[in-house]
Amino acid sequence: MEMTEVTGVSLKRGSLAVEGNDSMAPAEEAKRQKVLDSCLPTGQDGLEHGSPPTSGHVPGPPEAVNAGQGKKNSDVQLEEEEEEEEDGLSEEAEEEEEAESFADMMKHGLTELDVGITKFVSSHQGFSGILKERYSDFVVHEIGKDGRISHLDDLSVPVDEEDPSEDVFTVLTAEEKQRLEELQLFKNKETSVAIEVVEDTKEKRTVIHQAIKSLFPGLETKTEDREGKKYIVAYHAAGKKALANPRKHSWPKSRGSYCHFVLYKENKDTMDAINVLSKYLRVKPNIFSYMGTKDKRAITVQEIAVLKNITGTDDQVQQAMNSLKEIGFINYYGMQRFGTTAVPTYQVGRAILQNSWTEVMDLILKPRSGAEKGYLVKCREEWAKSKDPAAALRKLPVKRCVEGQLLRGLSKYGMKNIVSAFGIIPRNNRLMYIHSYQSYVWNNMVSKRIEEYGLKPVPGDLVLKGATATYIDEEDVNNYSIHDVVMPLPGFDVIYPKHKISEAYREMLTADNLDIDNMRHKIRDYSLSGAYRKIIIRPQNVSWEVVAYDDPKIPLFNTDVDNLEGKPPPVFASEGKYRALKMDFSLPPSTYATMAIREVLKMDTSIKNQTQLNTTWLR
């Protein structure tokens with residue numbers, strides 16, 4: 001996804017680093033999924049608010065490797081080898097990716113029609129515009145519950161009152177450091193190391209305590225009197241578990257449970273950014289929390305978008321934006337939910353739900369047309385030729401992608417145990433596929449609902465009362481608006497409308513060889529409980545302006561980094577070669593800004609269509 005995004009992120013204190021995604025209480029998880037569908041991962045770029053997008057470890061925080069092991073297992077060792085290979089990825093491989101233009105690759109991509117996106121709610125005449133000509137044309141800011149918009153406005157390192165003095169680096173002798181290191185790494189039989197405090201003062205003891213804890217994470221200290229002398233005794237508070245993850249035990253207990261920070265990223269999706277941070281901090285990605293995962297800090301998201309080179313008149317723009325402000329847009333799952341290649345993610349999800357594991361394997365690994373990196377193409381070609389997972393894996397310099405993880409699983413468990421091989425892929429990656437199928441069904445059913453009944457609530461529609469879905473009766477239909485109506489994502493714990501659309505759900509799932517009355521899978525992870533989602537969303541804080549410009553390479557507004565660097569805001573001329581529509585609005589979680597923009601333009605927002613409009617595709 002080409003965009004600039006600013007969001008609040010929390011890094012969980014090290015003592016919680018091994019907590020996996022399955023640790024949430026079932027009741028809490030069910031409630032969260034049912035009310036807002038905010039746990040559903042996206043398929044691509046993070047324009048959905050409330051769900052982490054896809055990447056190497058996509059789309060949500062991967063499950064942690066068990067850090068309680070005292071020895072390094074083969075999987076961990078393989079991951080480290082993969083890191084080294086990925087760090088050494090040659091420029092030649094990157095240059096190869098440029099051989100075929102992005103537009104050529106996207107000739108085989110999906111269109112909105114392919115994923116059930118067919119209807120509009122407004123009556124205005126649409127117009128053309130280029131969406132995301134530059135990644136800086138799309139900016140996202142998280143809005144907290146207190147109404148504060150997240151901005152990157154300070155690059156200074158916070159002052160930590162607990163930071164030790166410079167003395168910590170000199171207070172220990174070389175021999176003492178060696179003994180402490182051997183203790184930390186369990187290289188000898190000692191269970192503790194005692195260091196005599198030669199010049200006994202409280203200040204001197206404090207510095208020694210700080211030196212040991214800061215230089216040798218995982219060790220705890222205490223003061224002891226021995227024969228009239230003071231000693232600082234270092235020991236392993238967590239036993240041999242500390243060796244597997246020393247950072248788990250090195251976070252100061254008085255510092256709180258989270259380190260909150262603002263994440264600013266350009267032209268990189270959320271999980272890619274998290275993976276970069278986790279790599280350099282040498283922690284697992286799942287200790288980062290952000291909107292749409294385990295916390296609910298943000299309730300809305302501010303969008304700033306430019307549609308370049310628009311063709312609409314001022315009157316057309318005014319009508320379109322007023323409609324967006326007053327009526328809203330159909331709350332479709334956007335194109336990024338379904339992937340960018342000729343094999344949509346919902347097809348893999350459907351095969352999982354059908355328990356067709358050979359098809360799952362083939363869909364993920366087979367050659368396909370579309371936007372892909374050169375080394376992935378070679379990997380797929382090798383797979384199609386040899387069906388040898390080890391040989392195909394050797395074609396991947398970057399093995400942390402889904403394809404690499406599946407191939408590693410097939411190498412480990414064999415071709416006859418695809419379920420276990422697929423299980424090597426992080427849980428949220430796997431769930432992304434079946435959630436994509438749910439989204440595909442929902443999009444198609446909402447289009448049918450609007451075609452059949454229009455934009456007014458009708459008896460048999462569903463609305464939410466708290467977390468519970470109830471039917472609209474004939475006598476109270478006038479008490480609701482279309483903005484109250486929800487429709488279910490298929491699952492075992494939802495109800496369906498009491499009108500024609502209920503049968504449409506059943507027919508669609510039956511055609512896909514699925515039983516709508518039994519959405520429980522024999523593998524628990526793939527059982528779908530379902531969720532409810534509003535069919536029409538009305539953005540808040542909508543504003544817009546049409547600006548003229550001459551140079552398509554010049555950004556039309558400042559980012560937070562631009563402001564930090566003191567760059568003056570752009571000055572627009574009264575006339576120019578091109579016209580752009582600058583939009584500003586706020587959306588609730590689990591909605592797609594591209595679907596709001598689609599309603600304004602009344603045009604296909606798929607990358608396939610946009611690349612035909614945007615011949616330069618500036619990066």
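For clarity, every value in this text was computed on a predicted model and none was experimentally measured.

Colleague: Could you give an account of helix α12 (residues 374–386), with specific residues and numbers?
Modeller: With 13 residues, α12 extends 19 Å from end C-alpha to end C-alpha; this agrees with the ideal 18 Å at 1.5 Å per step. Residues of α12 that are buried include every one of Gly374, Tyr375, Leu376, Cys379, Arg380, Glu382 and Trp383, and no others. Of the residues trailing α12, Lys387 is marked for its positive phi of about 55°.

Colleague: I'd love a proper account of the state of the cysteines, names of residues and values included.
Modeller: Enumeration according to the criterion identifies 0 disulfides in this entry. In this model Cys401 remains outside any disulfide bridge; the closest cysteine sulfur is found in Cys379, 7.0 Å from its own.

Colleague: Report on the nonpolar core, specifying residues and quantitative values.
Modeller: Ile352, Ile364, Phe422, Tyr505, Leu581 and Met583 are the most contacted members of the largest nonpolar core, which totals 101 residues. Per element, the largest residue contribution to this core is 11 residues, and it comes from helix α16 (residues 427–453). Apart from residues lying up to four places away in sequence, Phe422 is in contact with Ile352, Trp357, Val360, Ile364, Leu406, Arg430, Tyr433 and Tyr526. Judged by nonpolar contacts, the second largest core, of 16 residues, contains Val168, Leu183, Phe216 and Ala234.

Colleague: Talk me through the sheet that holds strand β12 (residues 468–471); I want residue IDs and the actual numbers.
Modeller: In spatial order, the strands read β12-β11-β13-β14; together these 4 strands make up an open sheet with antiparallel pairing. Each end of this open sheet is capped by a strand with a single partner; those strands are β12 and β14 (531–534). Within the sheet, the average angular offset between the axes of one strand and its neighbour, ignoring direction, is 55°. The sheet contact formed by strand β13 (residues 485–489) and β14 spans 4 bridges and is antiparallel.

Colleague: Give me the lowdown on the pairing of strand β11 (residues 462–465), citing residues and values where you can.
Modeller: Across 4 bridges, the pairing between β11 and β12 is antiparallel. Paired with Leu462 across the two strands is Tyr471, which belongs to β12. Linking two consecutive strands that pair antiparallel, namely β11 and β12, is a turn of 2 residues; a positive phi of about 70° is found at Gly466 within it. Two elements, β11 and β13, share 2 bridges in a ladder whose sense is antiparallel. For Val463, the partnering residue across the bridge sits in β13 and is Val485.

Colleague: Just give me the short version of the environment of His124, but keep the residues and values in it.
Modeller: Along the polypeptide, His124 turns up in the loop between α4 (102–105) and β2 (130–131). For His124, a relative accessible area of 7% gives the class buried. On a C-alpha basis, the gap between His124 and Asn322 in space is 9.9 Å, while along the polypeptide they are 198 residues apart. Polar contacts involving the side chain of His124 include one to the side chain of Ser122, which spans 3.0 Å.

Colleague: Any details on unusual backbone geometry? Residues and values, ideally.
Modeller: Despite not being glycine, Glu227 shows a phi value in the positive range, around 55°. You can see Glu227 is positioned in the loop between β5 (219–226) and β6 (229–236). Not every positive phi belongs to a glycine, and Asn355 is a case in point at roughly 65°. The residue Asn355 is located in the loop between α10 (345–353) and α11 (357–365) in this model.

So, how was this worked out
Residues numbered from 1 in each chain as written. Predicted model: local features only at pLDDT ≥ 70, side-chain atom pairs only at ≥ 80, totals over all residues. Heavy atoms only, no water. Helix = DSSP H or I, 4+ residues; strand = E, 2+ residues; numbered from the N terminus. Expected span 1.5 Å × (residues − 1). Buried < 20%, exposed > 50% of the residue type's maximum accessible area, 1.4 Å probe, protein only. Disulfide = S-S within 2.5 Å. Core = buried A, V, L, I, M, F, W, Y, C linked by side-chain atoms within 4.5 Å. Contact = heavy atoms within 4.5 Å. Pairing = 2+ DSSP bridges. Axes fitted to C-alpha atoms, helices over the stretch in contact; angles between N-to-C directions. Polar contact = N/O pair within 3.5 Å; in protein donor to acceptor, adjacent residues only side chain to side chain.

This is a description of form; function is not addressed.
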